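# Summary of the model geometry
Next come the chains, spelled out residue by residue.
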Amino acid sequence: MREQPIGEAVENDEWGPGAMNRREIESVLAYHQQDAQAAIGTLLGDIKHLRRQLALAEGVMSKGMVRGWLPDYERR
C-alpha cells in the first residue's frame, strides 16, 4: 500500500465520517484490484506492524516525558 502523508487521513472531514470511510474503502479496494481478501490481508499486516511499533515506543519511552500516559492497544 502506498505511504500516506501525515494528515491526509483526517483531511476533508466536512463530508462526514461515512463519506470519508466509503472513499477510503474504495481507495483500498482499487489499490488491490477489487480483491477484498488481499486488502484485508494488507490492513491486518499494517495493524500488526503498528502494534509492534507501539510496543517498541512504549519500551523506550520515559514516563516523565509523557507524564504517566501509556499507549493503549485497543481502540476506544
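Below or above, wherever it landed, is the structure these notes cover. Since the structure is predicted, the reported quantities are computational estimates derived from the model, not experimental observations. (Residues numbered from 1 in each chain as written. Predicted model: local features only at pLDDT ≥ 70, side-chain atom pairs only at ≥ 80, totals over all residues. Heavy atoms only, no water.)

What follows covers the overall build of the chain. Along its length, the chain carries three helices and zero strands. Going from N to C terminus, the chain has its helices and strands arranged as α-α-α. Across the 76 residues that make up the chain, the buried fraction comes to 11%. The long-range share in the chain, meaning contacts at least 24 apart out of those at least 6 apart in sequence, stands at 22%. Total accessible area on the chain is roughly 6,700 Å²; 57% of this is exposed by carbon and sulfur atoms. (Helix = DSSP H or I, 4+ residues; strand = E, 2+ residues; numbered from the N terminus. Buried < 20%, exposed > 50% of the residue type's maximum accessible area, 1.4 Å probe, protein only. Contact = heavy atoms within 4.5 Å. Areas by Shrake-Rupley, 256 points an atom, 1.4 Å probe, with all protein chains shown as cover.)

Moving on, we get to a nonpolar patch on the surface. Where nonpolar side chains cluster on the molecular surface, the patch consists of I40, L44 and I47 and spans about 290 Å² of accessible area. With respect to the helices and strands, the residue I47 is situated in helix α2 (residues 36-60). I47 sits in the partly exposed class, given a relative accessible area of 44%. (Patch = residues over 30% accessible without salt bridge, like charges linked within 9 Å, V, L, I, M, F, W, Y side chains within 5 Å. Salt bridge = Lys/Arg side-chain N within 4 Å of Asp/Glu carboxyl O.)

The phi dihedral of Q33 falls on the positive side, at around 50°, and the residue is not glycine. When you line up the elements, Q33 lands in the loop between α1 (17-31) and α2. Phi angles above zero are rare outside glycine, and Q34 is one such case at about 65°.

Its 25 residues give α2 an end-to-end C-alpha distance of 36 Å, which sits within 8% of 36 Å, the value for a rise of 1.5 Å per residue. The N-terminus of α2 is capped by D35, whose side-chain oxygen sits 3.2 Å from the backbone nitrogen of Q37. (Expected span 1.5 Å × (residues − 1). Polar contact = N/O pair within 3.5 Å; in protein donor to acceptor, adjacent residues only side chain to side chain.)

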